[in-house]
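Take a look at the letters that make up each chain.
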Amino acid sequence: MSQPTKGFSRRAFLRGSGVAAAASSVTSTQSASAAIVPVPIIAGETQVSLTVNGQKKTVTVEPRTTLLDTLRYQLNLTGAKPVSSDGSSGASTVLVDGKPVMASTTLTVAVSGKSISTCEGLKDGDIPKAFVSNDAQQCGFCTPGFVVAVKAFLNQHPDATEEQIRAGLNGNICRCGTYANVLQAVIALVKGNQNG
Ligand code: FES
């Protein structure tokens, strides 16, 4: 076996490596802390204030609580439906500050201070009436989401063509297949310039 080179030993090498590693560690930590942007971390339950259908509400939720669960199980607003946890059915559509979102994929803490509109807030408007008069529901499970989606769509496209209506509402699924009647309801709303 060869002898260690004069002036260099395994012990000295390890000692030197340790210092280098420690120095490297300090440098990395300092770089990382400089790059981190502090964000509030919510642990445990927290209070969230919302305006829901024009009324101020304060709820206590966990960080993981969805807006859909808050609406249904704390505020007793059961119109928006838990059909798809990924929002692909459109059945949990609500408006947040006027924009349609899926309540099933929205955290309540993310909409703190915002204005929420659900189908319950539209019940006396022209959209539900148009759905009824055009027989645009069967089981009705998709209908609340459709009503809110139509509201958001017509706010943006009050003079929509049939083609635009078809494209604008294609995120809402009806397993009963009432699409033709929903289409007629929205066409009637556009013709009557009625926007719930
Ligand atoms: S009316 Fe039954 S799912 Fe649409």
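Since the model is a prediction, treat every value here as computed from it, not as a measurement. (Residues numbered from 1 in each chain as written. Predicted model: local features only at pLDDT ≥ 70, side-chain atom pairs only at ≥ 80, totals over all residues. Heavy atoms only, no water.)

Draft legend 1. A look at unusual backbone geometry. Here the phi dihedral of Asn 76 falls at roughly 60°; this positive angle occurs in a residue that is not glycine. If you trace the backbone, Asn 76 turns up in the loop between helix H2 (67-74) and strand E3 (93-96). Using a relative accessible area of 63% as the deciding quantity, one classes Asn 76 as exposed. The residue Asp 135 is not glycine, and still its phi comes out positive at about 50°. Inspection of the secondary structure puts Asp 135 in the loop between helix H3 (126-133) and helix H4 (143-156). (Helix = DSSP H or I, 4+ residues; strand = E, 2+ residues; numbered from the N terminus. Buried < 20%, exposed > 50% of the residue type's maximum accessible area, 1.4 Å probe, protein only.)

Draft legend 2. Seen up close, the pairing of strand E4 (residues 99-102). Inspection of the sheet shows E3 paired to E4 by four bridges, in the antiparallel sense. Looking at E4, one finds that Leu 95 is bridged to Pro 100. The hairpin formed by E3 and E4 contains two residues between the paired strands, and Asp 97 there has a positive phi angle of roughly 50°. (Pairing = 2+ DSSP bridges.)

Draft legend 3. Examining the sheet that holds strand E1 (residues 46-52) more closely. Strand order in the open sheet formed by five strands is E2-E1-E5-E3-E4, with mixed pairing between adjacent strands. Single-partner strands in this sheet number two, and they are strand E2 (55-61) and E4. Neighbour to neighbour, the strand axes of the sheet diverge by 40° on average, direction disregarded. The strands that H2 touches are E1, E2, E3 and strand E5 (115-117); relative to E2, the one it contacts most, it runs at about 105°. Packing against the sheet, H4 makes contact with E3 and E4, and its axis sits at approximately 40° to E3. (Axes fitted to C-alpha atoms, helices over the stretch in contact; angles between N-to-C directions. Contact = heavy atoms within 4.5 Å.)

Draft legend 4. Molecular detail of the packing of H3 against helix H6 (residues 179-191). For the pair H3 and H6, the least separation of the axes is 8 Å and the interaxial angle reads 130°. Between H3 and H6, the angle falls in the class oblique. Along this stretch, H3 crosses H6, giving a crossing that reads as right-handed. Within the contact between the two elements, H3 uses Asp 126, Ile 127, Ala 130 and Phe 131 and H6 uses Val 182, Ala 185 and Leu 189. (Parallel < 35°, antiparallel > 145°, perpendicular 65-115°, else oblique. Left-handed = near helix turned anticlockwise from the far one by under 90°.)

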